[in-house]
Amino acid sequence: MLESGDPAPEVTARNQHGESVTLDFADPTVVYFYPKDFTGGCTIEANDFGDAYPEFEELGVAVYGVSMDDVESHADFADAEGVPFDLLADPDGTVASAFGVPTDEGYTDRLTFLVGDGDVVATYDPALADPAGHAREVLDDARSEFGGE
């Protein structure tokens, strides 16, 4: 798994709209990996990041959710939950592998990366705690790192 100070990999995946998205991490970015669309903790996490999304945008921080679900599942999930940011489909685990995120039987571990200026700034393991409130923790760190409060 990538750690603070490691260079972030350039990755490309399709979002819930079927568009190809390449992340080069020149700008501050949050990439959070989650196991599966429409499951309890993943829905809580998506909603928390969605609720905090305007504040991330205000800081100039992009947010991406990544799971091994396909584009169609992401489209349904984003529509049902009102997800305002890109969900990247990673059915073969390529994006997860680039970040060193373990995959098992079609699921990724729940891990989050805060990236700035091409390097990993912080790594989070929200699987160790309740996913509720995780987005706020990442937002607070983003403010500290990228010039907010």
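Above this note sits the structure.
These numbers come from a predicted model, not from an experiment.

Mind showing me how you'd approach the side chain of Ser73 here?
Summarising the element assignment, Ser73 is placed in helix α2 (residues 71–81). Within polar-contact distance, the side chain of Ser73 engages the side chain of Asp37 at 2.8 Å. Apart from the residues within four sequence positions on either side, Ser73 is in contact with Asp37 and Phe38.

Explanation requested: the pairing of strand β1 (residues 11–14) in the structure shown.
On any regular strand, side chains alternate: one points to one face of the sheet, the next to the other face. Residues of β1 alternate between two faces, with Val11 and Ala13 buried on one and Thr12 and Arg14 left unburied on the opposite face. Pairing between β1 and strand β2 (residues 20–23): 4 bridges, direction antiparallel. Within the sheet, the bridge partner assigned to Val11 lies in β2 and is Leu23. Once β1 ends, the chain turns through 5 residues before running back antiparallel as β2, passing Gly18 with a positive phi of about 85 degrees.

I tried to follow a negative patch on the surface on my own but got confused; where do I start?
A cluster of acidic residues, Asp70, Glu72, Asp76 and Asp79, forms a negative patch on the protein surface. Inspection of the secondary structure puts Asp70 in the loop between β4 (62–67) and α2.

Which parts of the structure should I look at to understand the side chain of Thr29?
Summarising the element assignment, Thr29 is placed in strand β3 (residues 29–33). Of note is the side chain of Thr29, whose polar atom sits 2.9 Å from the backbone oxygen of Asp27. Contact partners of Thr29, with chain neighbours within four places excluded, come to Val61, Ala62, Tyr64, Phe113, Leu114 and Val115.

Any chance you could explain the packing of helix α1 (residues 40–59) against helix α4 (residues 134–146) here in plain terms?
When two helices pack together, their arrangement is captured by the angle between the axes and the distance separating the axes. As a packed pair, α1 and α4 sit with axes 8 Å apart at the nearest point and diverge in direction by 20 degrees. The pairing of α1 with α4 is recorded here as roughly parallel in orientation. Here α1 and α4 pass one another in a crossing that is right-handed. Between α1 and α4, the contacting residues are Glu45, Asp48, Phe49, Ala52, Glu55, Phe56 and Leu59 on the first element and His134, Ala135, Arg136, Val138, Leu139, Ala142 and Arg143 on the second.

Quick question: what am I supposed to make of the pairing of β4 here?
Counting buried positions along β4 gives 5 out of 6 residues, so the element sits mostly inside the fold. Here β3 pairs with β4 via 5 bridges, running parallel. Note that in β4 the partner of Val30 across the bridge is Val63. Pairing analysis gives 4 bridges linking β4 to strand β5 (residues 86–89), with the strands arranged parallel.

Any chance you could explain α1 here in plain terms?
The periodicity of an α-helix, 3.6 residues per turn, causes residues three or four places apart in sequence to face the same way. In this model, α1 (20 residues) spans 28 Å end to end at C-alpha, consistent with the 28 Å of a helix rising 1.5 Å per residue. The sharpest bend along α1 comes to roughly 50 degrees, located at Tyr53, with the proline Pro54 sitting one to four residues further on. Looking at the buried positions of α1, the neighbouring elements they touch are β3, β4, α2, β8 (111–116) and α4. Where α1 terminates, the next one or two residues include Gly60, which has phi positive at roughly 80 degrees.

The rules behind the values
- Residues numbered from 1 in each chain as written.
- Predicted model: local features only at pLDDT ≥ 70, side-chain atom pairs only at ≥ 80, totals over all residues.
- Heavy atoms only, no water.
- Helix = DSSP H or I, 4+ residues; strand = E, 2+ residues; numbered from the N terminus.
- Polar contact = N/O pair within 3.5 Å; in protein donor to acceptor, adjacent residues only side chain to side chain.
- Contact = heavy atoms within 4.5 Å.
- Buried < 20%, exposed > 50% of the residue type's maximum accessible area, 1.4 Å probe, protein only.
- Pairing = 2+ DSSP bridges.
- Patch = residues over 30% accessible without salt bridge, like charges linked within 9 Å, V, L, I, M, F, W, Y side chains within 5 Å.
- Areas by Shrake-Rupley, 256 points an atom, 1.4 Å probe, with all protein chains shown as cover.
- Salt bridge = Lys/Arg side-chain N within 4 Å of Asp/Glu carboxyl O.
- Lys, Arg positive; Asp, Glu negative; His and termini not counted.
- Charge placed at Lys NZ, Arg CZ, Asp CG, Glu CD.
- Axes fitted to C-alpha atoms, helices over the stretch in contact; angles between N-to-C directions.
- Parallel < 35°, antiparallel > 145°, perpendicular 65-115°, else oblique.
- Left-handed = near helix turned anticlockwise from the far one by under 90°.
- Expected span 1.5 Å × (residues − 1).
- Bend = angle between axes of the 7 residues up to and from the residue.

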